[in-house]
Amino acid sequence: MDTIKDAQGHGLLDFYNGRPSFEVFERDDGFVNAVYGARQYFSPYRDWAPHERKAIRYARGRCLDVGCAAGRVLLYLQEKGMRATGIDYSPLAVKVCRLRGARDVRQISLERFAMREGKARYDTVVMFGNNFGIFGGALKAKRLLKRLYLLTSPSATILAESRDPYKTDNAVHFAYHRRNIRRGRMPGQLRERIRFMQYSTDWFDYLFVSRDEMISILEGTGWHASRFLYADGYGKNGEYIAIITKRKKA
């Protein structure tokens, strides 16, 4: 990735260096949401949301942190003595992870990683920070979940955070859902880009799903959601983590 397009990475690096940081999320319908500060990407375990602290207890063995950003999960797993690999599409995010002491972090997309990794066997795949959304859409999710099935051990677990797009009272979001449906997309399938100062990412797809939609996506991939852990205020913000395990073969 050209660093001029690495808006999130520049924000992370500025925050790491003690400078003001923010992210602007711009959706393709013109909706804009600004998030000031990058503290959540650097937060220690004690500051994690309760449902994240509960979910990380399921991590074991060799771990893969997908969309690791500044490495909060990666470093926590590393400190616990686990063999942990972090991947992120942002080269500057990877740089920040290394500056913070991450031992195994790679600049690569999940799609390329899943296709290239070969015989690696991971026991836990962590997708915190709503990173189930990295799948982008249902068909791509199914394809990559099948690849992750092959890259993981027989008793592997995916810890996948998402957000129910219907848990909102914002009419703008409901209008976007209807717009998506008219275009043959899932209601919570976002087309967006991230901006920071003079930097801007390319447009990309990001997927928010309800529990039922996640269950549907998992069908036929070899995975199933065995448990859901809900964020405080789930009724309003819709955030949850699915504990996803492999289906036992008949």
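The following refers to the structure shown. In this text the structure is predicted, and so the values were computed from the model without any measurement.

### Here we look at the packing of helix α7 (residues 138-151) against helix α9 (residues 211-218)
- Running from amino to carboxyl end, α7 crosses α9 at an angle of 55 degrees, the nearest separation of the two axes being 9 Å. Classified by the interaxial angle, the pair formed by α7 and α9 is oblique. With respect to the hand of their crossing, α7 and α9 are arranged in right-handed fashion. Contacts between α7 and α9 involve Ala138, Ala141, Lys142 and Leu145 from the former and Ser216, Ile217 and Leu218 from the latter.
- Residues of the contact of α7 with α9, tallied by class, amount to five nonpolar, one polar and one charged.

### Quick notes on helix α5 (residues 91-99)
- For α5, the set of buried residues is Leu92, Ala93, Val94, Val96 and Cys97.
- Turning to α5, the residues buried within the fold contact α1 (7-16), α2 (39-42), β4 (84-88) and β5 (105-107).
- Following α5 by one or two positions, glycine 101 adopts a phi angle in the positive range, close to 105 degrees.

### Some remarks on the side chain of threonine 157
- Examined against the element boundaries, threonine 157 turns out to sit in strand β7 (residues 152-163).
- Taking relative accessible area as the criterion, threonine 157 reaches 8% and is therefore assigned buried.
- Excluding residues within four positions of it along the chain, threonine 157 makes contact with Asp123, Thr124, Val125, Trp223, Ile243, Ile244 and Thr245.

### Some details on α7
- Between its first and last C-alpha, α7 extends 20 Å over 14 residues, near the 20 Å set by a 1.5 Å rise per residue.
- Buried within α7 are the following residues: Ala141, Leu144, Leu145, Leu148 and Leu151. The buried residues of α7 occupy an angular sector of 110 degrees when the element is viewed end-on, so they sit on one face.

### Thoughts on unusual backbone geometry
- Phi is positive for asparagine 130, which is not a glycine, with a value near 60 degrees.
- Among the residues examined, asparagine 130 registers a relative accessible area of 10% and is labelled buried.
- Despite not being glycine, methionine 197 shows a phi value in the positive range, around 50 degrees.

### A closer look at the pattern of salt bridges
- Under the counting rule described, the total for this entry stands at 15 salt bridges.
- Here aspartate 205 and arginine 191 are joined by a salt bridge, their closest N and O atoms 3.5 Å apart. Of this pair, aspartate 205 sits in strand β10 (residues 204-207) while arginine 191 sits in strand β8 (residues 189-196), and the two are 14 residues apart along the sequence.
- Given the relative accessible area of 30%, arginine 191 is considered partly exposed.
- Each member of the salt-bridge network shares a partner with another, and the members are Glu26, Arg193 and Arg195.

### Observations concerning the packing of aromatic side chains
- Taken as a whole and assessed by the stated rule, the structure comprises 13 aromatic pairs.
- For the pair tryptophan 48 and phenylalanine 128, a centre-to-centre distance of 6.2 Å together with 80 degrees between the ring planes defines the contact as edge-to-face. Taken as a pair, tryptophan 48 in the loop between α2 and α3 (50-55) and phenylalanine 128 in the loop between β6 (122-127) and α7 lie far apart in primary sequence, 80 residues in all.
- What makes tryptophan 48 buried here is its relative accessible area of 3%.
- Consider the rings of tyrosine 206 and phenylalanine 208, whose centres lie 5.8 Å apart with planes at 90 degrees: the pair is edge-to-face.
- What links up through ring pairs into an aromatic cluster is the set Tyr45, Trp48, Tyr76 and Phe128.
- We note arginine 27 situated over the ring of tyrosine 176; from NZ or CZ to the ring centre the distance is 4.1 Å.
- Just above the ring of tyrosine 149 sits the side chain of lysine 246; from NZ or CZ to the centre is 4.1 Å.

### Observations concerning the environment of leucine 150
- Here leucine 150 shows up in helix α7.
- What leucine 150 contacts, discounting residues up to four positions off in sequence, is Ala120 and Arg121.

### A look at the sheet that holds β5
- Spatial ordering of the open sheet is given by β5-β4-β3-β6-β7-β12-β11, a layout of seven strands whose pairing is mixed. Of all strands in the sheet, those with a lone pairing partner are β5 and β11 (223-230), marking the two edges. With direction set aside, neighbouring strand axes in the sheet form an average angle of 20 degrees.
- Of the strand pairs in this sheet, β4 and β5 are connected by three bridges, and their pairing is parallel. Each bridged residue has a counterpart across the sheet, and for aspartate 88 the counterpart in β5 is glutamine 107.
- In this fold α7 packs onto β6, β7, β11 and β12 (239-246), with an angle of close to 145 degrees to the strand it touches most, β7.
- Sitting on the sheet, α9 touches β7, β11 and β12, and the angle it makes with β11 is about 160 degrees.

Calculation notes
Along each chain, numbering runs from 1 in the same order as the chain's sequence is written. Restriction of local features to residues with pLDDT of at least 70 applies here, the model being predicted, together with a cutoff of 80 or more for giving and counting side-chain atom pairs; totals for whole chains, interfaces and linings are based on all residues. Computation of side-chain values: all heavy atoms of the structure, hydrogens and water removed. Here, axes are lines fitted to C-alpha atoms. For helices the fit covers the stretch in contact, and angles between N-to-C directions go from 0 to 180 degrees. Only DSSP runs of H or I with at least four residues qualify as helices, and only runs of E with at least two residues qualify as strands; both kinds are numbered from the N terminus onward. Angles below 35 degrees are treated as roughly parallel, those above 145 as roughly antiparallel, those between 65 and 115 as roughly perpendicular, and all remaining angles as oblique. In this scheme the crossing of two helices becomes right-handed for a clockwise turn of the near helix relative to the far one and left-handed for an anticlockwise turn of less than a right angle. By definition in these notes, contact holds between two residues if any of their heavy atoms fall within 4.5 Å. In the scheme used here, Gly and all other residues not listed as nonpolar or charged are polar, with Ala, Val, Leu, Ile, Met, Phe, Trp, Tyr, Cys and Pro taken as nonpolar and Asp, Glu, Lys and Arg as charged. Burial here depends on accessible area, computed with a 1.4 Å probe over protein chains only, as a share of the maximum for the residue type. Under 20% is buried, over 50% is exposed, and the range in between is partly exposed. Helix span is expected to be 1.5 Å times the residue number reduced by one. Each C-beta atom gives one direction from the helix axis, and the arc is the one those directions make. Any carboxyl oxygen of Asp or Glu within 4 Å of a side-chain nitrogen of Lys or Arg constitutes a salt bridge here. Note on aromatic pairs: the rings of Phe, Tyr and Trp (six-membered ring only in Trp) are paired at centre separations within 6.5 Å, and the planes decide the class, stacked below 30 degrees, edge-to-face beyond 60, tilted for the rest. Any Lys NZ or Arg CZ found within 6 Å of a ring centre and within 35 degrees of that ring's normal is scored as a charge over the ring. Strand pairing is assigned whenever DSSP identifies at least 2 bridges connecting the two strands.

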